[in-house]
Amino acid sequence: MSVTTGPRRSPAKAVIASWIGTTIEYYDFAIYGLASSLVFAKLFFPTFDPLAGTLIALSTFGVGYVARPLGALVFGHFGDRVGRRTVLVITLLLMGGSTFLIGLLPSYASIGIWAPILLVALRVLQGVSVGGEYSGAVLMTVEHSEQSRRGVRGALVNTGTSTGMILSNLVFLAVLTLPEPALLSWGWRIPFLASGVLVVVGLVVRWTLEESPDFVEAKQAGAVRRLPLVEVLRGSGRAVVLVALATISAGMVFTLTTVFSISYGRTALGLPSSTMLSVLLPAAVVLLIAIPVAGRLADRLGARAVFLTGAVGLIVTPFIWFALLDTRNYGLMLLGFVIVFLAYSANYAVFPVYFSGVFPPALRFSGMGIGFTIGTILGNGFAPAIAASLQGSTGSWWAIAVYMAVGAVVSLLAGLALRFPADHTDAPVTPAAAGPAVPAAGS
């Protein structure tokens with residue numbers, strides 16, 4: 001009599017592979033945000049006055065978020081049809097190649113209008129790749145883990161976004177020490193070109209990881225769908241919308257603290273960009289500690305409770321953050337970042353276990369990917385440009401803090417409505433309800 005064994009789980013290896021890849025992906029994505037805040041206005045939009053040029057450059061940052069749903073649709077489909085691992089290799093290659101090519105772009109002074117056109121095109125490719133990256137990375141980790149450890153392990157992968165941000169800021173802090181002519185001619189290219197080395201490391205690690213056990217089981221059970229997107233919208237459309245709304249606040253806070261704060265310090269506080277980076281970087285280390293702690297609490301107390309606690313905190317902390325920034329005192333500014341990052345960590349840490357848990361394995365990549373990427377458009381995408389516009393029109397940070405608080409209220413309400421299937425309020429699609437299964441591609 002033969003014994004059938006389930007697919008082998010490799011949680012530690014899955015965490016490492018996903019964390020490294022996510023770190024690289026968000027390093028690539030973050031250096032574009034920093035460059036758009038610091039140098040792209042002069043390099044690619046020099047025909048506008050400084051404020052208009054900065055606003056346009058920050059808007060091209062948002063284009064990457066608008067492109068994310070395309071990546072979520074395409075990579076979500078194939079992630080639910082052929083598997084997670086192949087998709088994660090492709091997204092890393094696409095992101096790395098786009099970032100490397102940005103580092104080679106001629107400026108507006110060299111090729112005119114083609115320079116910003118090519119910049120935006122490569123930014124779109126970055127966005128498409130990230131649209132499939134995040135969901136795939138956290139699913140590989142969560143699905144390789146036992147239920148009792150999915151919160152903390154998913155949170156460990158989420159620290160990759162913070163690590164990528166810290167690395168990008170460190171590199172830019174170094175190149176900002178260059179004289180301005182050197183910075184604008186070749187120095188700004190270094191962070192983009194360095195990405196090529198990082199991508200090779202990520203590819204090696206990801207290629208050696210086995211496929212997600214949950215996907216393998218769904219495939220063996222014949223639960224793989226021919227059109228996962230259609231099925232997830234038909235059976236779990238409500239969950240997709242709630243995931244999108246629940247994502248808004250954390251995305252808004254992360255983008256404004258890591259991108260907009262640099263230009264705010266320069267324009268509103270009269271501080272050099274290097275000073276703002278020197279405040280942001282040590283504060284960001286808090287994320288590397290607080291996010292896993294929040295993930296562990298999610299395993300003990302429940303992901304929903306931790307998420308809601310963070311959302312409540314994000315209603316209040318933007319006002320504290322801005323008030324402390326305006327003191328121009330290094331210690332108090334650092335404290336402001338730490339306070340807002342603690343609330344952010346509680347909210348963001350549980351995204352992997354919370355959002356993946358409301359969709360069935362056969363539709364999980366599509367459902368989580370679409371919901372998350374729509375949420376990043378609403379929260380992250382144009383937040384720096386909106387904040388800069390609010391600052392310019394009101395001359396105060398109060399309107400920006402209210403904007404952030406409203407986003408937190410929206411996420412709080414979505415979190416209150418979003419529950420795991422066990423709560424019987426948002427049951428996922430079952431294989432029977434989803435329609436007839438089809439053999440997985442390649443099976």
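Residues numbered from 1 in each chain as written. Predicted model: local features only at pLDDT ≥ 70, side-chain atom pairs only at ≥ 80, totals over all residues. Heavy atoms only, no water.

The name recorded for the chain in an unreviewed UniProt entry is MFS transporter, from Actinomycetospora aurantiaca. Checking UniProt for the chain, the heading Subcellular location (unreviewed entry) contains the comment "Cell membrane". (UniProt positions renumbered as here; feature names shortened; annotations may be inferred.)

Colleague: Outline the overall build of the chain, supporting the account with residue identities and numerical values.
Modeller: Summing up its helical and strand segments, the chain has 19 helices and zero strands in all. Counting only residues that meet the buried cut, the chain has 58% of its 443 residues in that class. Entry remark: accessible area of the chain is about 16000 Å², with carbon and sulfur atoms responsible for 72%. (Helix = DSSP H or I, 4+ residues; strand = E, 2+ residues; numbered from the N terminus. Buried < 20%, exposed > 50% of the residue type's maximum accessible area, 1.4 Å probe, protein only. Areas by Shrake-Rupley, 256 points an atom, 1.4 Å probe, with all protein chains shown as cover.)

Colleague: Kindly report on empty space enclosed by the protein, identifying the contributing residues and their values.
Modeller: Across all of its chains, the model carries two cavities of 30 Å³ or more by this definition. Looking at the largest cavity, its volume works out to about 270 Å³. In this structure, the largest cavity is lined by 24 residues; those nearest its centre are Tyr26, Tyr65, Phe254, Thr255 and Asn380. Looking at the lining of the largest cavity, the elements with two or more residues in it are α1 (11-38), α3 (50-66), α8 (150-175), α12 (228-267), α15 (330-348) and α17 (364-381). Looking at the lining of the largest cavity element by element, the count peaks at seven residues for α12. The residue inventory of the lining of the largest cavity, partitioned by class, reads 15 nonpolar, eight polar and one charged. By volume, the second largest cavity is sized at about 30 Å³. (1 Å grid on protein atoms, 1.4 Å probe; cavity = no way out; pocket = protein on both sides within 12 Å on 5 of 7 lines; lining within 4 Å. Points joined across faces, edges and corners; volume = space filled by probe spheres on them. Nonpolar A, V, L, I, M, F, W, Y, C, P; charged D, E, K, R; others polar.)

Colleague: Could you give an account of the packing of α12 against helix α13 (residues 273-301), naming the residues involved and the relevant values?
Modeller: Packing of α12 against α13 brings their axes to within 8 Å, and their N-to-C directions diverge by 140°. Taken together, α12 and α13 sit at an angle that is classed as oblique. For the pair α12 and α13, the crossing hand works out as right-handed. Contact residues: α12 offers Thr257, Thr258, Ser261, Ile262, Gly265 and Arg266, while α13 offers Ser273, Met276, Leu277 and Leu280. (Axes fitted to C-alpha atoms, helices over the stretch in contact; angles between N-to-C directions. Parallel < 35°, antiparallel > 145°, perpendicular 65-115°, else oblique. Left-handed = near helix turned anticlockwise from the far one by under 90°. Contact = heavy atoms within 4.5 Å.)

Colleague: Got a sec to walk through the packing of aromatic side chains? Specific residues and values, please.
Modeller: Two aromatic rings, taken as a pair, are described by how far apart their centres are and by the angle between their planes. Evaluation of the coordinates by the stated rule reveals 21 aromatic pairs. With a centroid separation of 5.4 Å and an interplanar angle of 50°, the aromatic rings of Phe319 and Trp398 are classed as tilted. Of this pair, Phe319 sits in helix α14 (residues 303-325) while Trp398 sits in helix α19 (residues 398-417); the two residues are 79 residues apart in sequence, bridging distant segments of the chain. Seen in terms of ring centroids, Tyr354 and Phe355 are 5.8 Å apart; in terms of plane orientation they differ by 25°. Their pairing is stacked. These aromatic residues form a ring-pair network of at least three members: Tyr134, Phe254, Phe307, Tyr344, Tyr348, Phe351, Tyr354, Phe355 and Phe372. (Phe/Tyr/Trp six-rings, centres within 6.5 Å; stacked < 30°, edge-to-face > 60°.)

Colleague: Which residues make up helix α7 (residues 114-144), and what are the values?
Modeller: The terminal C-alpha atoms of α7, which comprises 31 residues, lie 45 Å apart, in line with the 45 Å expected from a rise of 1.5 Å per residue. Most of α7 sits out of view: 24 of its 31 residues are buried. (Expected span 1.5 Å × (residues − 1).)

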